[in-house]
Amino acid sequence: MAGGPAAPPVADPTPAHCAETSATPTTDRPPALASTTSAWFGQGDLWVGLPDYPPTAQGDALVLRFPVVTLARGEPTSTRGAPVVTAARVDAAGEAPGQIGAFSRAYGTDELSFWPASVAFPDPGCWAVTGLLGSASLRFTVAVAQP
């Protein structure tokens, strides 16, 4: 055989089925988020902007960034402190660390402020990301694939 045997196909480690979280309907969002174009998911005083783009490769990790909004009386606030973000594989064993940046104002808005969050996934797959703020928690599921 010229050139030797063909290499076996490389399997895509992204799960064939990962039930990703859908955005909360605009009518069910707090007024501070209802007029934005982001796909928001949340409840009560804890909301995340669902990622709508693939992760970026950084070293051995696949890093996904997204905003987290904490509310008090319906308005974005930092007074309750930064949320905590973690992630765990849904389709296999694995954990991924989350990071929260300094409270920031969204570009081009006067009122929307948020915590920039990121998770460094060690592997592609189906992941559940959890946000915690005091006794409030929020979990969304995302399929992480190679960029």
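Bear in mind the structure is a predicted one, so any value in this text is a computation, not a measurement.

Procedures and definitions
Residue numbers run consecutively from 1 along every chain, following the written order of its sequence. For a predicted model such as this one, the threshold for reporting local features is a pLDDT of at least 70, and the threshold for listing and counting side-chain atom pairs is 80 or more; totals across whole chains, interfaces and linings nevertheless cover every residue. Excluding hydrogens and water, the side-chain values take into account all heavy atoms of the structure. Here a helix means four or more residues in a row that DSSP labels H or I, a strand means two or more in a row labelled E, and each is numbered from the N terminus. A 1.4 Å probe rolled over the protein chains alone gives each residue an accessible area, and that area as a share of the maximum for its type sets the label: buried under 20%, exposed over 50%, partly exposed in between. What qualifies as a polar contact is a pair of N or O atoms within 3.5 Å, subject to a donor-acceptor requirement within protein and to the restriction that residues adjacent in sequence count only when both atoms come from side chains. Between two residues, a contact is recorded if the distance between any of their heavy atoms is within 4.5 Å. Pairs of cysteine sulfur atoms within 2.5 Å are what we label disulfides. Only buried residues count toward a nonpolar core, which is a set of Ala, Val, Leu, Ile, Met, Phe, Trp, Tyr and Cys residues joined through side-chain atoms within 4.5 Å. Pairs of strands are assigned from DSSP output, requiring at least two bridges between the strands.

Asks: Help me get a handle on the side chain of Thr-141, residues and values and all.
Replies: Mapping Thr-141 onto the fold places it in strand S11 (residues 136-144). Exposure remark for Thr-141: the relative accessible area of 18% places this residue in the buried category.

Asks: Quick rundown of unusual backbone geometry? Include the residues and the values.
Replies: Here Arg-73, not a glycine, exhibits a phi torsion of approximately 55°, which is positive. One can find Arg-73 in the loop between strand S4 (61-72) and strand S5 (75-76).

Asks: I'd love a proper account of the side chain of Thr-130, names of residues and values included.
Replies: In this structure, Thr-130 sits in strand S10 (residues 125-133). At 3.1 Å, the side chain of Thr-130 and the side chain of Arg-139 are in polar contact. If we skip the residues at most four places from it in the chain, Thr-130 touches Val-84, Val-85, Thr-86, Leu-138 and Arg-139.

Asks: Residues and numbers for the state of the cysteines, please.
Replies: What the rule picks out here adds up to one disulfide. There is a disulfide in this structure between Cys-18 and Cys-126, and the S-S distance comes to 2.1 Å. Torsion about the S-S bond of the Cys-18 and Cys-126 cystine: about 70°, corresponding to right-handed handedness. Residue Cys-18 is found in the segment before helix H1 (31-34), and its partner Cys-126 is found in strand S10; the two are separated by 108 residues along the sequence. Judged by its relative accessible area of 4%, Cys-126 is buried.

Asks: So what's going on with the nonpolar core? Residues and values would help.
Replies: Within the largest apolar cluster, 22 residues are counted, with the highest numbers of intra-cluster contacts made by Val-48, Phe-66, Val-119, Phe-121, Val-129, Phe-140 and Val-142. Elements with a minimum of two residues in this core: strand S2 (46-49), S4, strand S6 (84-89), strand S9 (113-121), S10 and S11. For Val-129, the contacting residues outside a window of four places in its chain are Phe-66, Val-85, Thr-86, Ala-87, Val-119, Phe-121, Leu-138, Arg-139, Phe-140 and Val-142. Residues Val-69, Leu-71, Ala-106 and Phe-114 belong to the second largest nonpolar core, which totals eight residues.

Asks: Could you give an account of the pairing of S4, with specific residues and numbers?
Replies: Within S4, 10 of the 12 residues are buried, leaving the element largely enclosed by the surrounding structure. Strand direction decides the pairing type here: S2 and S4, joined by three bridges, are antiparallel. By the bridge assignment, Leu-46 is partnered in S4 with Thr-70. Two elements, strand S3 (residues 56-58) and S4, share three bridges in a ladder whose sense is antiparallel. Within S4, the residue paired with Gln-58 across the bridge is Ala-61. Linking two consecutive strands that pair antiparallel, namely S3 and S4, is a turn of two residues; a positive phi of about 65° is found at Gly-59 within it. Pairing between S4 and S9: seven bridges, direction antiparallel. Each bridged residue has a counterpart across the sheet, and for Leu-64 the counterpart in S9 is Val-119. In terms of strand pairing, S4 meets S5 through two bridges, oriented antiparallel. Each residue of the ladder has a partner; that of Ala-72, found in S5, is Glu-75. Between the antiparallel neighbours S4 and S5 lie two residues, among them Arg-73 with a positive phi of about 55°.

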